[in-house]
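# Examining the three-dimensional arrangement
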Amino acid sequence: MNRFLIVYHSKYGSTKRYAEWLAGHLEADLCTGRQLKTVNLSQYDAVLYGGSVFAGTISGFGKFLKQADSLPDLPLIVFAVGASPVNDETAQAVRSANLKDRDVPFFYLRGALDLASAGLFDRSILRMIGKSIRKKAPETRSEWDQTLLRCTAGEAADWTRPEAVVPIVECALAL
Ligand SMILES: Cc1cc2nc3c(=O)[nH]c(=O)nc-3n(C[C@H](O)[C@H](O)[C@H](O)COP(=O)(O)O)c2cc1C
């Protein structure tokens, strides 16, 4: 089997959970974006990068690319973890905003959202978003709007599921 490295960036733990599930399936090594500078990438056959989505951006991905670009031939799979519902539109939007025209396999997974465990800054941003959604007419609110409203009202949500990593595992094993 190929030797895999999974690099992840997770603020509240859901991306870490997915990275650990993937590591279990692929017998992969795991490291955070910060630990990456101590890792010799050339010992791996492929790298998987996973980052949480904040304001549309895959966290740590820009930094990771600078390091991974020194090994341009290393196969790469990217997964992003956000609270928006999983659908083609979301996946495409996150992909094109972050990967631009980079032609690598990309997966979007759903994480978790819990206002109570969020930091002060993140909490105030979520509250502001909730406020702006409440200004919209209820019939114009999207599914994501409704989710955010519930979460900003204090309802914790956790959509992480171990089986969601199966397509990523299949993709990695087919490299
Ligand atoms: C301030 C803030 C901004 C966020 N922005 C987005 C976003 O643009 N799109 C999205 O899908 N989820 C967004 N989220 C939800 C996070 O991506 C979600 O909580 C994710 O599970 C976090 O991953 P982590 O637990 O690995 O840190 C946001 C959350 C916070 C607190």
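One structure accompanies this document, and this report is about it. Worth saying up front: this structure is predicted, and the values here are computed from it rather than measured.

A separate point is the overall build of the chain. Counting its secondary structure elements, the chain contains six helices and eight strands. Its helices and strands taken in sequence order, the chain reads β-α-β-β-β-α-β-α-β-β-α-α-β-α from the N to the C terminus. In summary, the chain has a C-alpha radius of gyration of 17 Å against a globular reference of 16 Å for 175 residues, a match within 12%. Each of the three principal axes of the chain carries a C-alpha extent, and together these read 55 × 30 × 30 Å. Relative to all contacts within the chain whose residues are 6 or more apart in sequence, the contacts with residues 24 or more apart total 74%. Here the chain has roughly 9700 Å² of accessible surface; of this, 53% comes from carbon and sulfur atoms. Of the side chains in the chain, 21 bear a positive and 19 a negative charge, and the two mean positions are spaced by 11 Å.

Let us look at the nonpolar core. Nonpolar side chains tend to gather and get buried jointly when the protein is soluble and globular. Residues Ile-58, Phe-64 and Phe-106 are the most contacted members of the largest nonpolar core, which totals 24 residues. At the level of secondary structure, the elements contributing two or more residues to this core comprise strand 1 (4-9), strand 3 (46-54), helix 2 (61-68), strand 5 (76-82), helix 3 (88-99) and strand 6 (106-110). Among the elements that take part in this core, helix 2 stands out by supplying four residues, more than any other. Every residue in contact with Phe-64, bar those within four places of it in the chain, is listed here: Val-7, Leu-36, Val-47, Tyr-49 and Leu-76. Core analysis: the next-biggest nonpolar cluster, separate from the first, contains 22 residues, Tyr-8, Ala-28, Ala-46 and Val-81 among them.

Let us look at helix 2. Regarding helix 2, the residues found buried are Phe-61, Phe-64, Leu-65 and Ala-68. For helix 2, the angular spread of buried residues about the axis comes to 100°, placing them on one side. Residues of helix 2 that are exposed and point over 90 degrees away from its buried face: Lys-63 and Lys-66. Buried residues along helix 2 sit against strand 1, strand 3, strand 4 (57-58), strand 5 and helix 3.

Contacts to the ligand come from 21 residues, most closely from Ser-10, Thr-15, Val-53, Ser-84 and Ala-112. Measuring from an oxygen atom of the ligand, one finds a backbone N or O atom of Gly-13 at 3.1 Å. For the ligand, the protein covers 91% of the area, taking 650 Å² as the surface of the free molecule. Breaking the shell around the ligand down by element, the ones donating at least two residues are helix 1 (14-26), strand 3, strand 5, strand 7 (112-113) and helix 4 (120-134). Examining the composition of the shell around the ligand, we find that three residues originate from one element, strand 3, more than from any other. A domain-level breakdown of the shell around the ligand finds at least three residues from each of domain 1 (4-111 + 159-173) and domain 2 (113-157).

Contact pair helix 4 / helix 5 (residues 143-152): the axes reach a minimum separation of 9 Å and the direction vectors enclose 125°. Classed by the angle they form, the pair helix 4 and helix 5 counts as oblique. Two packed elements cross with a definite hand, and for helix 4 against helix 5 that hand is left-handed. Taking contact as the criterion, the partners of Leu-126, Arg-127, Ile-129, Gly-130, Ile-133 and Arg-134 in helix 4 are, on helix 5, Asp-145, Leu-148, Leu-149 and Thr-152. The residue makeup of the contact of helix 4 with helix 5, split by class, is five nonpolar, two polar and three charged.

Right, let's talk about the environment of Thr-90 for a bit. With respect to the secondary-structure elements, Thr-90 resides in helix 3. Overall, the relative accessible area of 12% leaves Thr-90 in the buried class. Once the C-alpha coordinates of Thr-90 and Gly-56 are considered, the two residues, 34 residues apart in sequence, prove to be 9.8 Å apart. The residues touching Thr-90, leaving out its near neighbours within four places in the chain, are Ser-84, Pro-85 and Tyr-108. At 3.1 Å, the side chain of Thr-90 forms a polar contact with the backbone oxygen of Pro-85.

Cut-offs applied
- Residues numbered from 1 in each chain as written.
- Predicted model: local features only at pLDDT ≥ 70, side-chain atom pairs only at ≥ 80, totals over all residues.
- Heavy atoms only, no water.
- Helix = DSSP H or I, 4+ residues; strand = E, 2+ residues; numbered from the N terminus.
- Rg over C-alpha atoms; globule rule 2.2 N^0.38 Å.
- Contact = heavy atoms within 4.5 Å.
- Areas by Shrake-Rupley, 256 points an atom, 1.4 Å probe, with all protein chains shown as cover.
- Lys, Arg positive; Asp, Glu negative; His and termini not counted.
- Charge placed at Lys NZ, Arg CZ, Asp CG, Glu CD.
- Core = buried A, V, L, I, M, F, W, Y, C linked by side-chain atoms within 4.5 Å.
- Buried < 20%, exposed > 50% of the residue type's maximum accessible area, 1.4 Å probe, protein only.
- Arc of directions from axis to C-beta.
- Near = heavy atom within 4 Å.
- Polar contact = N/O pair within 3.5 Å; in protein donor to acceptor, adjacent residues only side chain to side chain.
- Domains from an automatic or database assignment.
- Axes fitted to C-alpha atoms, helices over the stretch in contact; angles between N-to-C directions.
- Parallel < 35°, antiparallel > 145°, perpendicular 65-115°, else oblique.
- Left-handed = near helix turned anticlockwise from the far one by under 90°.
- Nonpolar A, V, L, I, M, F, W, Y, C, P; charged D, E, K, R; others polar.

All quantities given are derived from atomic positions and should not be read as evidence of function.
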